[in-house]
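# Survey of secondary and tertiary structure
The residues making up each chain are set out below.
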Amino acid sequence: GLNHGQGVHAWMHPPVHRILGWATKPSSLSLSRDVWRLNQLKIITNEEIYMKGKPALSDQATLDRFPTLIDASLINKNNQKIGIIADFIFEPYSGNILYYLVSRSNPKIPGTSRWRLSIDKIIDQQPGLVISNCLNLDDIPLIKSSLRQDFLKNSRKWKEEFKIISSKVNTRLEGWLEEPSWY
């Protein structure tokens, strides 16, 4: 029944893609962090997580030493940055990460698109860096598109449709112009 604040850090074991817990920030003025183990998780809703038991106390400097792939750069097989690991989806009871959510730019900007990076697309990982066998974000499925991404996708579709219609009109017009005159 107590509010322990917003989740600020994922506690994970990157080599096996597993979440072990997370840390919350009790208040904006506090320097301490509450650290929760995965087995303390009882219920996850759209906006809240309900935990059982007491958290361990820590600080941000200690949490910064924990390995995590959140905010890591996603590198393609040509060693070019194509995105940032923004979040992950996991099984609540085992902690196994099912897939990562990738953002093209700053993941903290609301309304940005998210792509689904499956574990099998990851070749290697290091602190702050995830290397994938993809060439670009179009190689992985889009989960949540932004208004900009929807517009780009629709404009490509409209452009193709316009080309098809234009081609049909040109064919009919050429056929009409080539018909002999009956005067």
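Model, not experiment: these values are computed from the prediction.

## A closer look at the overall build of the protein
- A tally of regular secondary structure across the protein gives two helices and 13 strands.
- When burial is assessed residue by residue, the protein has 31% of its 183 residues classed as buried.
- Here the contacts in the protein between residues at least 6 apart in sequence split such that 42% fall between residues at least 24 apart.

## Structural notes on the pairing of strand E2 (residues 18-25)
- Sheet analysis places strand E1 (residues 6-13) next to E2, joined by seven bridges and oriented antiparallel. Bridging across to E2, Ala 10 finds its partner in Trp 22.
- Counting the residues between successive antiparallel strands, the hairpin from E1 to E2 contains four residues, one of them, His 17, with a positive phi of roughly 50°.
- With four bridges joining them, E2 and strand E3 (residues 32-37) adopt antiparallel strand pairing. Note on E3: the bridge partner recorded for Trp 22 is Trp 36.
- Linkage of E2 to E3, two consecutive antiparallel strands, is achieved through a turn of six residues.

## Description of the environment of Leu 101
- With respect to the helices and strands, the residue Leu 101 is situated in strand E9 (residues 97-103).
- The exposure class of Leu 101 is buried, given its relative accessible area of 12%.
- Separated by 31 residues in sequence, Leu 101 and Ile 70 place their C-alpha atoms 9.4 Å apart.
- Those residues in contact with Leu 101 that lie beyond four places of it in its chain are Ile 84, Ile 85, Ala 86, Asp 87, Phe 88, Ile 89, Arg 114, Trp 115 and Ile 143.

## What about the sheet that holds strand E8 (residues 81-90)?
- Pairing is mixed in the open sheet, where seven strands are placed in the order E11-E12-E7-E8-E9-E10-E13. Looking at which strands have only one partner, the edges of the open sheet turn out to be strand E11 (122-126) and strand E13 (142-144). For this sheet the average axis-to-axis angle between neighbouring strands, irrespective of direction, equals 40°.

## As for the sheet that holds E1
- Strands sit in the order E1-E2-E3-E6 across an open sheet of four strands; the sheet is antiparallel. Two strands lie at the open edges of the sheet, namely E1 and strand E6 (56-59), each paired on one side alone. The average undirected angle you get between the axes of adjacent strands in this sheet is 35°.

## Details of the side chain of Gln 125
- As for its position among the elements, Gln 125 is in strand E11.
- Within the structure, Gln 125 has its side chain in polar contact with the backbone oxygen of Pro 14 (distance 2.6 Å).
- Setting aside residues no more than four positions away along its own chain, Gln 125 makes contact with Pro 14, Pro 15, His 17, Leu 69 and Val 130.

## Focus: the nonpolar core
- With 24 residues, the main nonpolar core has Tyr 100 and Leu 117 as its most contacted residues.
- Within the residue set of this core, elements represented by two or more residues are E1, E2, E8, E9 and strand E10 (114-118).
- When neighbours within four sequence positions are excluded, Tyr 100 is seen to be in contact with Met 12, His 17, Leu 69, Ile 85, Asp 87, Phe 88, Trp 115, Arg 116, Leu 117, Ile 119 and Ile 122.

## Re unusual backbone geometry
- Of note, His 17 is a non-glycine position whose phi angle comes to about 50°, a positive value.
- Along the chain, the position of His 17 falls in the loop between E1 and E2.
- One non-glycine residue with positive phi stands out, namely Asn 79, at about 60°.
- With respect to the secondary-structure elements, Asn 79 resides in the loop between strand E7 (73-75) and E8.

Criteria and thresholds
Residues numbered from 1 in each chain as written. Predicted model: local features only at pLDDT ≥ 70, side-chain atom pairs only at ≥ 80, totals over all residues. Heavy atoms only, no water. Helix = DSSP H or I, 4+ residues; strand = E, 2+ residues; numbered from the N terminus. Buried < 20%, exposed > 50% of the residue type's maximum accessible area, 1.4 Å probe, protein only. Contact = heavy atoms within 4.5 Å. Pairing = 2+ DSSP bridges. Axes fitted to C-alpha atoms, helices over the stretch in contact; angles between N-to-C directions. Polar contact = N/O pair within 3.5 Å; in protein donor to acceptor, adjacent residues only side chain to side chain. Core = buried A, V, L, I, M, F, W, Y, C linked by side-chain atoms within 4.5 Å.

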